[in-house]
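Now for the letters of each chain:
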Amino acid sequence: MYKIFETVDEVSRYTAQRLLDKIKATPAAVLGLATGSTMEPVYAQLLQHMQQLAVDVSQLTTFNLDEYIGLSADHPQSYNFYMYQHLFNHLNLPAQRVHLPDGLASHIEEACQSYSAAIQAAGGLDLQLLGIGSNGHIGFNEPQTCFNSRTHVVELSAQTRIDNGRFFADQSQTPSHAITMGILDILEAKEIILVATGPNKTQIMAQLYDSPIDEALPASALKQHPNLTIVLDREAAALLPEHALKSAV
Ligand code: F6R
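A brief look at the structure comes next. The model shown is predicted, which means the values in this text are computed figures rather than measured ones.

1. Notes on the sheet that holds strand 3 (residues 61-64)
Working step 1: Ordered by their spatial adjacency, seven strands build an open sheet running 1-10-9-6-2-3-5, and the pairing between neighbours is parallel. Across the chains shown, the open sheet's two edge strands, defined by having one partner strand only, are strand 1 (2-5) and strand 5 (98-99).
Working step 2: Two strands pair when backbone bridges link them, and strand 2 (residues 30-33) and strand 3 are joined in this way by four bridges, in the parallel orientation. Residue pairing in the sheet places Leu 33 in a bridge with Asn 64 of strand 3.
Working step 3: Strand contacts of helix 7 (residues 202-210): strand 1, strand 9 (192-196) and strand 10 (228-233), with the helix running at about 145 degrees to strand 10, the strand carrying the most contacts.

The following block contains the structure:
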């Protein structure tokens, strides 16, 4: 299902409300979370609602999608740092229920296996929030990642390093590798919300709309999911065909 809104603000409010509804309906929900600039206004809206409504998050469990290899949790560009800055520092979530891949793990393969196993031990993801890369990646599953993948180490594509270079002082400091939940981990979530906003996502959203399910476009794996919502602003949806825009709610 597509939801298309005029503005980023409306996209973020809708997405935050979906998260909030899930938390209210299932206080012990297991949430899969994403980082990136798309999610910043989503988390800002979510926090605002949560604080107004004094929502109890003490039973929630979270698993983040990915983390750069080589960045410590206190590095300002690590996803760990991002999550505490934008969400966790402002919520009363028990630390043992918050999970992020460890970018400094010494036994990285074991750490990857334990991460997917921990998601399963928690009962699986009730809701996975996703952004999308301009090359169609979800998490850091780059083009040609096997759709049967579990948490693994990935070499970031040149496009992703260019896109994410904006967060680093200079391009050469963008990490070359990351740990990411696999596509199968993501597909096993009971519900998925993919959010894309702004002109940098216009091309890929049009490509995704037309694409068959194909490992060359990682987000196309989501087309086989029974409970997927794609939330776009007008800019990201700009090249969707007329009939898609009409049928979007
Ligand atoms: C981040 C993640 C990535 C981003 C994607 C879009 O945890 O998994 O897939 O969602 O790269 O990033 P932004 O929102 O910065 O355009």
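That shown, we press on.
2. A short note on the side chain of Thr 174
Working step 1: Of note, Thr 174 is situated in the loop between helix 5 (158-164) and strand 8 (177-180).
Working step 2: The class for Thr 174 is buried, based on a relative accessible area of 2%.

3. Looking at helix 2 (residues 39-53)
Working step 1: When the terminal C-alpha atoms of helix 2 are compared, their 21 Å separation across 15 residues agrees well with the 21 Å that a helix rising 1.5 Å per residue should span.
Working step 2: Turning to helix 2, its buried residues number three or more, namely Met 39, Val 42, Tyr 43, Gln 45, Leu 46, Leu 47, His 49 and Met 50.
Working step 3: The inward-facing, buried residues of helix 2 contact helix 1 (8-25), strand 2, helix 3 (79-86), strand 6 (127-130) and strand 9.

4. Describing the site of the ligand
Working step 1: In the vicinity of the ligand there are 15 residues, among which Thr 38, Asp 66, His 137, Gly 139 and Lys 201 approach most closely.
Working step 2: For the ligand, an oxygen atom lies 2.9 Å from a polar atom in the side chain of Arg 166.
Working step 3: A distance of 2.6 Å separates an oxygen atom of the ligand from a polar side-chain atom of Lys 201.
Working step 4: For the ligand, whose accessible area on its own is 410 Å², the fraction buried by protein is 95%.
Working step 5: Its residues placed into classes, the shell around the ligand shows four nonpolar, eight polar and three charged.

5. Examining the environment of Glu 191
Working step 1: Tracing the backbone through its elements, the reader meets Glu 191 in the loop between helix 6 (183-187) and strand 9.
Working step 2: Measuring from C-alpha to C-alpha, the distance between Glu 191 and Lys 22 comes to 10 Å, with 169 residues separating the pair along the chain.
Working step 3: Residues within four places of Glu 191 in sequence aside, it is in contact with Arg 18, Lys 22, Asp 126, Leu 127, Gln 128, His 225 and Asn 227.
Working step 4: At a separation of 3.0 Å, a polar atom in the side chain of Glu 191 contacts the side chain of Lys 22.

6. Some details on helix 3
Working step 1: Residues Tyr 79, Asn 80, Tyr 82, Met 83 and His 86 constitute the buried set of helix 3. Angular distribution of buried residues about the axis of helix 3 spans 160 degrees; they occupy a single face of the element.

Each value, and the rule that gives it
- Residues numbered from 1 in each chain as written.
- Predicted model: local features only at pLDDT ≥ 70, side-chain atom pairs only at ≥ 80, totals over all residues.
- Heavy atoms only, no water.
- Pairing = 2+ DSSP bridges.
- Helix = DSSP H or I, 4+ residues; strand = E, 2+ residues; numbered from the N terminus.
- Contact = heavy atoms within 4.5 Å.
- Axes fitted to C-alpha atoms, helices over the stretch in contact; angles between N-to-C directions.
- Buried < 20%, exposed > 50% of the residue type's maximum accessible area, 1.4 Å probe, protein only.
- Expected span 1.5 Å × (residues − 1).
- Near = heavy atom within 4 Å.
- Polar contact = N/O pair within 3.5 Å; in protein donor to acceptor, adjacent residues only side chain to side chain.
- Areas by Shrake-Rupley, 256 points an atom, 1.4 Å probe, with all protein chains shown as cover.
- Nonpolar A, V, L, I, M, F, W, Y, C, P; charged D, E, K, R; others polar.
- Arc of directions from axis to C-beta.

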